[in-house]
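# Understanding the architecture of this molecule
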Amino acid sequence: MLSRRAFCTCASLTFASSLASNAVHAADACAVMTRERQQSVSPDDAINRLKEGNERFIAGKTINCDLMAQVKGTTSGQAPFATVVGCIDSRVPPELVFDQRIGDMFCARVAGNFINTDIIGSLEFATKVTGTPVVVVLGHSDCGAIKGAIDHVKLGNLTAMLANIEPAVKATKASGARDSKNKVFVQAVAENNVKLGIAMLTKKSPIMKELVAAKRLRIVGAMHDLATGRVSFMA
Ligand SMILES: [Zn+2]
């Protein structure tokens, strides 16, 4: 049996080592992404960094960094380790839900996180020119743009924009009504929108296709849950 004293020593050592490991984590998370650091991050490492960041976000254990130190550290250049294509929804800011900061990730945001030429061009800059090893197409639950596309909303320039989501609506089979009141259908269309977006990236971009073939880039889909803050990766 452990004596009380031995137990206390052991418990305080565990506490001390967990503090030390958190400090290492914070030092790593707060250090500015340089070209050297970025190049040491493989596509799988990059996905793990995002997954760990989302775990911290959900647990309420986000890391507080000196953001102005990061501003100063990135003034002369950037080398983010990840690129996210996300929706404009105010409840899904990629930097916050992945617990990342200045210079860590590129974010291309458009209502309904669809892929078009402008987004592909932005991603070619992020991957080929700047070297990020992962692209995440991030959809989310209860997306207003997805619901608008499902209901064929006509309003100003929204009409043309929502047409980008139409292929996902058409590709989704519904059990029940094909309208935005059917939450299961809305979620299925959002997931298909992400999957079609991923497929389009390598189909329309020989540059990214080549990076993926060379294992210098992974393109993955993920869904954010508005109710829990959790991001579930599709692969
Ligand atoms: Zn949305």
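For the structure itself, consult the block above.
Below is a summary of the structure that appears in this document. Per chain, residues are indexed from 1 in the order of the written sequence. For this predicted model, a pLDDT threshold of at least 70 governs which residues receive local features, and a threshold of 80 or more governs which side-chain atom pairs are given and counted, while totals over whole chains, interfaces and linings are taken from all residues.

The subject of this paragraph is the pairing of strand 1 (residues 82-86). Whether a residue is buried, exposed or partly exposed follows from its count of other C-beta atoms within 10 Å of its own C-beta, namely 20 or more, 12 or fewer, or something in between, respectively; the C-beta atoms are built from the backbone. In this description a helix means any DSSP run of H or I spanning at least four residues, a strand means any run of E spanning at least two, and both kinds are numbered starting from the N terminus. Burial of strand 1 is extensive: five of the five residues sit out of reach of the surface. Burial along strand 1 is two-sided: the residues Ala82, Val84 and Gly86 and Thr83 and Val85 are all buried.

Looking now at the pairing of strand 2 (residues 105-109). Taken across its five residues, strand 2 has four buried, putting it largely inside the fold. Pairing of strand 1 with strand 2 involves five bridges; the strand directions are parallel. Its bridge partner being in strand 2, glycine 86 is matched across the sheet by arginine 109. Pairing between strands is defined by DSSP: at least two bridges between them are needed.

Glancing now at unusual backbone geometry. Positive phi, close to 55°, is recorded for aspartate 142, a residue that is not glycine. Following the sequence through the fold, aspartate 142 ends up in the loop between strand 3 (134-140) and helix 7 (144-150). Using a count of 16 C-beta atoms within 10 Å as the deciding quantity, one classes aspartate 142 as partly exposed.

A few words on the sheet that holds strand 5 (residues 231-233). A sheet is described by the order of its strands in space; here five strands give the open sequence 2-1-3-4-5, paired in mixed fashion. Strands at the two margins of the open sheet, each flanked by one partner only, are strand 2 and strand 5. The mean angle between the axes of side-by-side strands here comes to 25°, regardless of whether they run parallel or antiparallel. Strand direction decides the pairing type here: strand 1 and strand 3, joined by four bridges, are parallel. Following the sheet pairing, threonine 83 is matched in strand 3 by valine 135. Between the N-to-C directions of two axes lies an angle of 0 to 180 degrees, each axis being a line fitted to C-alpha atoms and, for a helix, fitted only over the stretch in contact.

As far as function goes, none of this settles anything; it's purely spatial.
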